[in-house]
Amino acid sequence: MIELDEGYKLTVKTVKHFHAEVEKTFYKLRNDYLNWILRNHLKNRNMKQRDKNSETGKSFKNEVEKHTQNLLTDLDLQKKCIKKSLHDEANQTQKIKRFRKSQERVLRADRKQKVEPLNTKFKGLPQYVPGKQPILIAQHGELAEFEENKEDRFEFQVLQQFKTELQIIENLVCCEDGTLWVNHFFSYKLQKIQLNKESVQVQVLKNINTTSFTIALLPTGDLLISLMEPVLQILSNATGEIKQTTYRCSALQTIAVHVTKANQIILGVTETGESFPVKGPRQVIVMDMDGREKKFTI
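Described below are features of the structure shown in this document. Please read all numbers here as calculations on a predicted model, not as lab measurements. (Residues numbered from 1 in each chain as written. Predicted model: local features only at pLDDT ≥ 70, side-chain atom pairs only at ≥ 80, totals over all residues. Heavy atoms only, no water.)

Here's the deal with the overall build of the chain
Logical step 1: The helix and strand inventory of the chain stands at three helices and 13 strands.
Logical step 2: Within the chain, the fraction of its 298 residues that count as buried is 28%.
Logical step 3: Sequence-distant contacts in the chain: of pairs separated by 6 or more residues, those separated by 24 or more amount to 40%.
Logical step 4: By element, 53% of the accessible surface of the chain is carried by carbon and sulfur atoms, the whole surface being about 22,500 Å². (Helix = DSSP H or I, 4+ residues; strand = E, 2+ residues; numbered from the N terminus. Buried < 20%, exposed > 50% of the residue type's maximum accessible area, 1.4 Å probe, protein only. Contact = heavy atoms within 4.5 Å. Areas by Shrake-Rupley, 256 points an atom, 1.4 Å probe, with all protein chains shown as cover.)

Some thoughts on the sheet that holds strand β9 (residues 231–235)
Logical step 1: Read across the sheet, four strands follow the order β7-β8-β9-β10 without closing on themselves; strand pairing throughout is antiparallel. Lying at the two open borders of the sheet, with one neighbouring strand each, are β7 (214–217) and β10 (242–248). Taken pair by pair, the neighbouring strands of this sheet meet at an average axis angle of 30°, ignoring direction.
Logical step 2: For β9 and β10, the ladder comprises four bridges, and the chain directions are antiparallel. Within β10, the position partnered with V231 by the bridge is R248. (Pairing = 2+ DSSP bridges. Axes fitted to C-alpha atoms, helices over the stretch in contact; angles between N-to-C directions.)

Brief notes about the pattern of salt bridges
Logical step 1: On inspection of all chains with the given rule, the structure shows three salt bridges.
Logical step 2: One salt-bridge network, held together by shared partners, links D288, D290 and R292. (Salt bridge = Lys/Arg side-chain N within 4 Å of Asp/Glu carboxyl O.)

Details of the pairing of strand β4 (residues 180–184)
Logical step 1: Judged by how many residues are buried, β4 sits mostly within the fold: five of five residues are covered.
Logical step 2: Of the two faces of β4, the one carrying L180, V182 and H184 and the one carrying W181 and N183 are both buried.
Logical step 3: By the bridge criterion, four bridges tie strand β3 (residues 171–174) to β4 in an arrangement that is antiparallel. When the bridges of β4 are listed, L172 appears paired with V182.
Logical step 4: Turn length for the β3-β4 hairpin, with the two strands adjacent in sequence and antiparallel, is five residues, and the turn residue G178 shows positive phi of about 90°.

What to know about the nonpolar core
Logical step 1: Core analysis: the largest hydrophobic core is formed by 14 residues, its most contacted members being L224, V257, I265 and L267.
Logical step 2: Those elements that place two or more of their residues in this core are β11 (253–259), β12 (265–270) and β13 (282–287).
Logical step 3: Element by element, the count of residues in this core is highest for β12, at three residues.
Logical step 4: By size, the runner-up hydrophobic cluster in this structure holds ten residues, among which are C175, L190, I225 and L235. (Core = buried A, V, L, I, M, F, W, Y, C linked by side-chain atoms within 4.5 Å.)

Description of the state of the cysteines
Logical step 1: According to the stated counting rule, one finds zero disulfides in the structure shown.
Logical step 2: Sulfur of C175: no disulfide; nearest cysteine sulfur belongs to C174 and is 7.6 Å away. (Disulfide = S-S within 2.5 Å.)

What to know about the packing of aromatic side chains
Logical step 1: Tallied over the entire structure, the rule returns two aromatic pairs.
Logical step 2: Seen from their ring centres, F185 and F186 are 5.2 Å apart, and the 80° between their planes marks the pair as edge-to-face.
Logical step 3: For F185, a relative accessible area of 16% translates into the label buried.
Logical step 4: On the basis of relative accessibility, which here comes to 64%, the residue F186 falls in the exposed class.
Logical step 5: Centroid distance F185 to F213: 5.3 Å. Interplanar angle 90°. Geometry classified as edge-to-face. (Phe/Tyr/Trp six-rings, centres within 6.5 Å; stacked < 30°, edge-to-face > 60°.)

A few points about the sheet that holds strand β6 (residues 201–209)
Logical step 1: Ordered in space as β3-β4-β5-β6, the four strands form an open sheet in which the pairing is antiparallel. Taken across any chain shown, the strands that pair with only one partner, and hence form the sheet edges, are β3 and β6. Ignoring strand direction, the axes of neighbouring strands in this sheet form an average angle of 25°.
Logical step 2: As judged from the eight bridges shared by strand β5 (residues 189–196) and β6, these two strands associate in the antiparallel manner. Bridging across to β6, L190 finds its partner in I208.

What about the side chain of N171?
Logical step 1: Locating N171 in the fold gives a position in strand β3.
Logical step 2: Within the local environment of N171, its side chain forms a polar contact with the backbone oxygen of F213, the two atoms lying 2.8 Å apart.
Logical step 3: Excluding residues within four positions of it along the chain, N171 makes contact with W181, V182, N183, F213, T214 and I215. (Polar contact = N/O pair within 3.5 Å; in protein donor to acceptor, adjacent residues only side chain to side chain.)

Digging into the environment of D288
Logical step 1: Along the chain, the position of D288 falls in the segment after β13.
Logical step 2: Looking at D288, the relative accessible area reads 14%, which means it is buried.
Logical step 3: Considered as a pair, D288 and I265 are 23 residues apart in the sequence and their alpha carbons are 6.1 Å apart.
Logical step 4: Here D288 is in contact with Y247, I265 and K294, once residues within four sequence places are set aside.
Logical step 5: Within polar-contact distance, the side chain of D288 engages the backbone nitrogen of R292 at 2.8 Å.

A closer look at unusual backbone geometry
Logical step 1: At Y188, a position not held by glycine, the phi torsion is positive, near 55°.
Logical step 2: Relative accessible area serves as the criterion here: at 46%, Y188 is assigned to the partly exposed category.
Logical step 3: Although it is not a glycine, M228 sits at a positive phi angle of roughly 60°.
Logical step 4: Here M228 lies in the loop between β8 (223–226) and β9.
Logical step 5: According to the relative accessible area criterion, M228 is partly exposed, its value standing at 23%.

Right, dumping it as structure tokens:
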């Protein structure tokens, strides 16, 4: 029922907004026309014509307001009909439940009898489709019903496959030069690879034996590494050395790391120990590049 009310309010808001735009356009056109008359010194000779245009504009405005009100009235009626249908079907469901409960003790043999489910699905309120030009009622717009049983379908296809030496690729990070960082936590493998699309081969550029649970690339080209410890490690792109960073989260262990386009570091942290069964805190921490945590208010 909440979605119904929200859809109703959104449709009413759209109709009223379009009506306001029509009225705004009408007054602008009328004022432009009057200014044109004044600039050409035709006020006296065209007084009658101006009055005639004003009457035509008022008639047009009245027609637009009348049609807008008709649309809103139609929308209200459809909303009431859907609410009444839902209410009637809910009452019917309660009657069936009470009937089955009263007959259950006497007619135990009929428990397998099926009761057809009631149709409680509705396509929803119609969408408002505004017209192209605010001149005729037919161009003002209309209420369009949803098309029934129409679904968008997508089909994914594998274009190419590349086989690495790792048993499982747990993380994959793309570098600006087209190379990739991949890792497998349990085999202590962290590799930088290059894909050859012509031969469908993988060339290992760097092979580092280290634990790496999750990885993320910094704007400098350095690689952040989470070892499921409170402090993140960093792999220098220039020297290839792994060192500790200033990115830490007290006594909690990091299980996920991500670097945003806005140069913010997002950490997923949990209580030290096994992930399941769940115990202790589960947090998402946002830091700047200096390791300072962002404070958010709700």
